[in-house]
Amino acid sequence: MARSGDTLSEGSVLDIFEGEDVTPPTAPGGPGGGGPARALPDEDDSRNRRRKVLALVLAFLMLVVGALVAWYLLTRKPLSQLPGVNVVATPTYKTSFFGVDKPLGVAAAADGSRVFVTHGGTTPGVTMFDRDGRILRELELPAEPAYHVPVYLTVAPDGTLWVGDRAAGAIYTFTPEGDPLSTFTPKDETVFYSPLGIAVAQDGTLYVADVLSNEPAKHRILVFAADGTLLRTLGEGMLNYPNQLQVDAAGNLYVTDSNHARFVVYDTEGKQALLTGPGAGLGDLGLPRGFAIDDRDRLFVADTTDHQVRMYTLGETLTAPPTFVAALGTQGVGDGQFNFPNGVAIDARARIYITDRENNRVQVWGF
Amino acid sequence: MSTTKRVLGGALATLVGVASALFISTAPAYADNGPHVKVSTADNVLVSELQPGRCASCHRVHTAKSTDGMLLKTDQTNLCYSCHGDGGTGAMTNVQSGIGYAGAGEVDPTTGIWTDSVRGAQVGALRGGGFDQAMIDAGAAVRAGTTSPTGATAHLIPAATTPEVTNGNHMGGQGIVWGAGAYSETPVAGTALAAGVQLECGSCHDPHGNGNYRILKAIPDFTPGTTAQKEARQVNIPDTDTKVYTTTNYWFAADTNAFLGKTSADGSAYQTNMALQGVSATDPTPISKPLLTRGTNPQPVYVDKYIANVAAWCTTCHTRYLAPSGSRSNDSGDAIYTYRHTSDHLSGGEYGANRNCMSCHVAHGSNATMGETVPVEWPGGTATSSDNRMLRVDDRGVCLLCHKV
């Protein structure tokens, strides 16, 4: 091993790769005695090979560490969330955002820099937070009609914010910074809705949970093309106050069928499958409202009257029942406790945002 | 038969009986018009369908958070608000703020029928007001004939005006059941709710459904008297009509569909828009007539029995307010409720319900203001109050709605 004061040429590292012998001379009186001694050729070769292997291993490890650092900086996910690592961890309470009256829906920018929360209290509206829970602004809703009840909202793949307004029967879009953009207008002017959940697919397809009718049998999912053309209607006669929606990359649509206490999925053909439903067991649903699915197929459902968020992992096939993992939280007002949780969102950092309605806050959970 | 066989037979019969009882007891009960059952419409009649899994929305057998019916929440009101509150996403009615979603449609002014596929969620004021806010245009209604200040299209007060209820917190707290008790109990005017007893949603409504209008309990909690007296006073108001909880004009007195498919006493069909009193359904101008007066319609106005029965229902608790025609000149024998304004027509006949409780009051909460304090007789004495008594109009302007001066 080289020690302090030993001479090692500047090109020694390269020499290692070139297979040159850079063994420092043995001090007089050292092992073997006598004058300067050189290692035997076989030993030199062996040593060189070990050094090469060691160097390669070190280089590989540096690459891995570098990749991890880069991955972490880019995604800011916990290391337990590495692709391919299949550890079913459960999140824990981190912090809360305050300043909202009866928060209902929540949506987060992919990087978590902006969190949007609808609130249904005395003056319903939409509040924008930064990643640390500071209120940045109250989003401006159209002056007409005068009364708004925004419930669920979503951040589209292009970063725009879409807000459903149940009372106004309208859907508004905003820039990622919360500036008003437009009101979505169906091409067919005879198509109306009173939206709860909304979802936007990668190609711009818009899904709207419509509870306009006072007959639950007429509740439905409207599917619009990006240009406002009504493509199809899903679920009529099968839903009862569908709440939050989420569409995956393949175009499958997940829905909390709230008053049926079900969580269902529609495949790209529009066929409905029940994933989990009502019951009194730990993994059963009482009154599901909002939900979120992350990129690891972990599902979080807010069961509002049970004051918990249920965590599952989706099945290997689209219609396979999810596997129940844990129930997050208990009823109460303390950290990690809920009083009627409603909306759920998750960002790319695996931070989970849960509106805690009667506690007037948004809880943030993480891994 | 040997003793052994008899014992075995008895044991087997007991086993079968117990098993049958267990099986039957686990079969879910039917419920109608409850908020947690599926409701479908057939021939304009609401029909409830079995939804056995819905129990878990509010109850847990083993993991309940409340001793009250194994509810998931200790506070019954907040549980109900999960669907019917400001944050509710499972119902058409928000009783917390007194607004409702009238559904996919509006009243056709020519037919009076609530039609589908018409623009908008039709947010409107709940007829019963609200517990925290009430979107009632209480200040404008007294000025009969004027245009509503909320404009031509807005039919309720926007939340920005903060129309908080001004009748105090009568729900969720202790108080006095005004006018409760028999006349012989004079001069006691009311019965105070016992300590620890609260007036809650479930005091008046049956969440499991019972076939009654608005799932009202036939015998509400706190109904005074003996069991026999309560049962004799119970009110059943069959609910067979499509519900319209809101109104695009607050002074629409009744569900416009209440008359659909019904036949009047003389055998003729009701006019479906009878409750509109000849006022256009799309005209936001408050009408100058009281609720369900005879109006100017050339045909006789018959009222549906349930409207008249509302008075009977309210007075299951507030017994001394039940005043038949002629009460204004007949001494009831009560020291306080001696002479009274007519408040009912239980027969539901012609012109019958033009003076029921709901003509002047709302059930949940009103934002009407009272500028004057008045002495109110109450058990043991009097007290001054500026409480609006859940009246619909500011400063008892309800009087002027009929008795225009």
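Above this text sits the structure in question.
A brief look at the structure comes next. Note that the structure is a prediction, hence the values are computed from the model and not measured. (Residues numbered from 1 in each chain as written. Chains lettered and ligands numbered in written order. Predicted model: local features only at pLDDT ≥ 70, side-chain atom pairs only at ≥ 80, totals over all residues. Heavy atoms only, no water.)

**Description of the overall build of chain A**
The cut-off we apply is this: Per the convention used, a helix needs a DSSP run of H or I reaching at least four residues, while a strand needs a run of E reaching at least two, with both numbered from the N terminus. Here the term buried applies to any residue with accessible area under 20% of the maximum for its type, exposed to any over 50%, and partly exposed to those in between, with areas from a 1.4 Å probe on protein chains only. Contacts were defined at the residue level, with two residues in contact if any of their heavy atoms lie within 4.5 Å. Using a 1.4 Å probe, accessible areas were evaluated by the Shrake-Rupley method; residue-level cover was limited to the displayed protein chains.
Tallying secondary structure elements over chain A gives two helices and 26 strands in all. Residue burial in chain A is summarised as follows: out of 367 residues, 52% are buried. At a minimum sequence separation of 6, the contacts of chain A that also span at least 24 residues come to 45%. When the accessible surface of chain A is summed, it comes to about 16,200 Å², and 56% of that surface belongs to carbon and sulfur atoms.

**Quick word on the pattern of salt bridges**
Residues and elements named next belong to chain A. Spelled out, the test is: What makes a salt bridge here is a side-chain nitrogen of Lys or Arg within 4 Å of a carboxyl oxygen of Asp or Glu, nothing more.
On inspection of all chains with the given rule, the structure shows 18 salt bridges over all chains. Among the ionic pairs, Asp294 bridges to Arg298, the shortest N-O distance being 2.7 Å. For Arg349, the salt bridge is made with Asp347, and the minimal N-O distance between the two is 3.3 Å. Each member of the pair Arg349 and Asp347 is classed as buried. Each of Asp101, Lys102, Arg357 and Glu358 takes part in salt bridges that share partners, so that together they form one network.

**Quick look at the nonpolar core**
Going by this rule: For the purposes of this section, nonpolar cores are sets of buried Ala, Val, Leu, Ile, Met, Phe, Trp, Tyr and Cys residues that join through side-chain atoms within 4.5 Å.
Membership of the largest hydrophobic core comes to 28 residues, with the highest contact counts inside it found for A:Tyr207, A:Ile221, A:Leu245 and A:Leu253. Secondary-structure elements contributing two or more residues to this core are β6 (150-155), β10 (195-200), β11 (206-210), β12 (220-224), β14 (242-247), β15 (253-257) and β16 (262-266) of chain A together with β4 (99-101) of chain B. Discounting residues that sit within four places of it in the chain, A:Leu253 has contacts with A:Ala199, A:Tyr207, A:Ile221, A:Leu234, A:Leu245, A:Gln246, A:Val247, A:Val264, A:Val265 and A:Tyr266.

**A few points about unusual backbone geometry**
In this structure, A:Asp297 is a non-glycine residue whose phi angle is positive, near 60°. As for its position among the elements, A:Asp297 is in the loop between β18 (288-293) and β19 (298-303). The class of A:Asp297 is partly exposed, set by a relative accessible area of 39%. The backbone phi angle of B:Phe222 is positive, close to 70°, even though this residue is not glycine. By the element assignment, B:Phe222 lies in the loop between α3 (201-204) and α4 (227-233).

**Quick word on the environment of A:Gly125**
Mapping A:Gly125 onto the fold places it in strand β4 (residues 125-130). Here A:Gly125 is in contact with A:Val117, A:Thr118, A:His119, A:Glu138, A:Leu141 and A:Pro150, once residues within four sequence places are set aside.

**Notes on the sheet that holds β6(A)**
Residue and element names in this part refer to chain A. Operational definition: Note on pairing: DSSP must find at least two bridges between two strands before they are called paired. Only the stretch in contact is used when fitting a helix axis, every axis being a line fitted to C-alpha atoms; angles between N-to-C directions are given from 0 to 180 degrees.
One open sheet holds the four strands; their spatial order is β6-β7-β8-β9, and the pairing between them is antiparallel. With partners counted over all chains shown, the strands left at the sheet margins are β6 and β9 (180-183), one partner each. Direction aside, neighbouring strands of the sheet carry axes that sit 25° apart on average. As paired strands, strand β7 (residues 161-165) and strand β8 (residues 170-174) are joined by five bridges and run antiparallel to one another. Opposite Val163, over in β8, you have Tyr172 as the bridge partner.

**Considerations on the pairing of β14(A)**
Residues and elements named next belong to chain A. For β14, the tally of buried residues reaches five of six residues, placing the bulk of the element in the interior. The sheet contact formed by β14 and β15 spans four bridges and is antiparallel. Residue Gln246 lies in a different strand from β15, and its bridge partner there is Tyr254. Counted along the chain from β14 to the antiparallel partner β15, the turn is five residues long, and its residue Gly251 has a positive phi close to 95°.

**A word on the sheet that holds β14(A)**
Residue and element names in this part refer to chain A. Strand order in the open sheet made by the four strands is β14-β15-β16-β17, with antiparallel pairing throughout. Strands with a single pairing partner mark the edges of an open sheet, and in this sheet they are β14 and β17 (272-276). If you compare each strand with its neighbour and ignore which way they point, the axes differ by 25° on average. Pairing between β15 and β16: five bridges, direction antiparallel. Looking at β16, one finds that Thr256 is bridged to Phe263.

**So, helix α2 (residues 76-84) of chain B**
Count 3.6 residues to each turn of an α-helix, and residues three or four apart come out pointing the same way. The element α2(B) is extensively covered by neighbouring structure, given that seven of its nine residues are classed as buried. Buried within α2(B) we find B:Gln76, B:Thr77, B:Asn78, B:Leu79, B:Tyr81, B:Ser82 and B:Cys83. On the buried face of α2(B), the contacting elements are β18 of chain A together with β3 (93-94) and α3 of chain B.

**Section: the state of the cysteines**
The test is simple: Note that a disulfide, as used here, is simply two cysteine sulfur atoms within 2.5 Å.
Evaluated as defined, the whole model comprises zero disulfides over all chains. Distance from the sulfur of B:Cys314, which forms no disulfide, to the nearest cysteine sulfur (B:Cys357) is 4.0 Å.

**What to know about the pairing of strand β3 (residues 114-119) of chain A**
Residues and elements named next belong to chain A. The element β3 is extensively covered by neighbouring structure, given that six of its six residues are classed as buried. Side-chain alternation along β3 places Arg114, Phe116 and Thr118 on one buried face and Val115, Val117 and His119 on a second face that is also buried. In this structure, strand β2 (residues 103-108) lies alongside β3, joined through four bridges in antiparallel fashion. Bridge pairing in β3 places Pro103 opposite His119. Here β2 folds back onto β3, and the loop between the two strands holds five residues, one of which, Gly112, carries a positive phi near 75°. Bridging between β3 and β4 involves six bridges; their strand directions are antiparallel. Residue His119 lies in a different strand from β4, and its bridge partner there is Gly125. Between β3 and β4, which pair antiparallel one after the other, the connecting turn spans five residues.

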